[in-house]
Amino acid sequence: MTRRRAKDGPVSSSCWYTNLDHGRRHWPLSLMTMSDNLRYSPGLKGKEAYDRYDNYDAIEVGTYKEIPSDFDGVMGVPVTFLDKYNPDQFEIVGTLESSNPDNPYRTRWYTVQDQKDSFIDASARRATSL
């Protein structure tokens, strides 16, 4: 008796995203609460809270599985979230880069002095960790 072996195929690194309405687009994503994610998610082990961006009022979500069900604010999600996106469950607020000061989703603008201070702080931390 001869066994057949499944042949490995090439892995594609491109995806096609669309806003065309199809059945899978409305499948709800099963989510855990923020406290359950902090307790059980491997990427959040040992943390007391989600990381926050320093230039924008949002939490960092490392994987779509860590999206909390009980958080109403803005979150930064990975691109892998896009194939799980359900417009009935989430709202994509758009890009954060904008020079319009009235844009509510605008990121913080850093002054030259802010950038210098950050560089000096990072250099000092590296020097003390050696």
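Here the structure is shown first, and the text comes after it.
Residues numbered from 1 in each chain as written. Predicted model: local features only at pLDDT ≥ 70, side-chain atom pairs only at ≥ 80, totals over all residues. Heavy atoms only, no water.

K.L.:
Describe the nonpolar core, with residues and values.
P.N.:
Of all hydrophobic cores here, the largest spans ten residues; its members are Leu29, Leu38, Leu44, Tyr50, Ile59, Val61, Ile67, Phe81, Tyr85 and Phe90. Dropping the residues within four chain positions of it, Ile59 is found in contact with Met34, Tyr50, Asp51, Arg52, Tyr53, Pro68, Phe71, Val74, Met75 and Gly76. (Core = buried A, V, L, I, M, F, W, Y, C linked by side-chain atoms within 4.5 Å. Buried < 20%, exposed > 50% of the residue type's maximum accessible area, 1.4 Å probe, protein only. Contact = heavy atoms within 4.5 Å.)

K.L.:
Go over the side chain of Asn86 with me, naming the residues and quoting the values.
P.N.:
Assignment of secondary structure puts Asn86 in the loop between strand E2 (75-76) and helix H2 (112-129). Classification of Asn86 by relative accessible area gives buried; the value is 2%. Within polar-contact distance, the side chain of Asn86 engages the backbone nitrogen of Asp88 at 2.8 Å. Once residues lying within four places of it in the same chain are set aside, the contact partners of Asn86 are Arg25, His26, Trp27 and Pro28. (Helix = DSSP H or I, 4+ residues; strand = E, 2+ residues; numbered from the N terminus. Polar contact = N/O pair within 3.5 Å; in protein donor to acceptor, adjacent residues only side chain to side chain.)

K.L.:
I'd like a description of the side chain of Ser41, backed by residues and values.
P.N.:
One can find Ser41 in the loop between helix H1 (34-40) and strand E1 (59-60). Judged by relative accessible area, which is 8%, Ser41 ranks as buried. When near neighbours in sequence (up to four residues on either side) are disregarded, Ser41 contacts Asp36 and Glu66.

K.L.:
Report on the environment of Phe71, specifying residues and quantitative values.
P.N.:
One can find Phe71 in the loop between E1 and E2. Considering only alpha carbons, one finds Phe71 and Thr33, 38 residues apart in sequence, at a separation of 8.1 Å. Dropping the residues within four chain positions of it, Phe71 is found in contact with Met34 and Ile59.

K.L.:
Please give an account of the packing of aromatic side chains that cites residues and values.
P.N.:
Going through the model one piece at a time under the given rule, you end up with two aromatic pairs. On the basis of an interplanar angle of 70 degrees and a centroid distance of 6.0 Å, the ring pair of Phe81 and Tyr85 is categorised as edge-to-face. Using a relative accessible area of 5% as the deciding quantity, one classes Phe81 as buried. With a centroid separation of 5.1 Å and 90 degrees between ring planes, the pair formed by Phe81 and Phe90 is classed as edge-to-face. Ring pairing ties together the aromatic residues Phe81, Tyr85 and Phe90, which thus form one cluster. Positioned above the aromatic ring of Tyr64, the side-chain terminus of Lys84 is 4.5 Å from the ring centre. (Phe/Tyr/Trp six-rings, centres within 6.5 Å; stacked < 30°, edge-to-face > 60°. Lys NZ or Arg CZ within 6 Å of the ring centre and 35° of its normal.)

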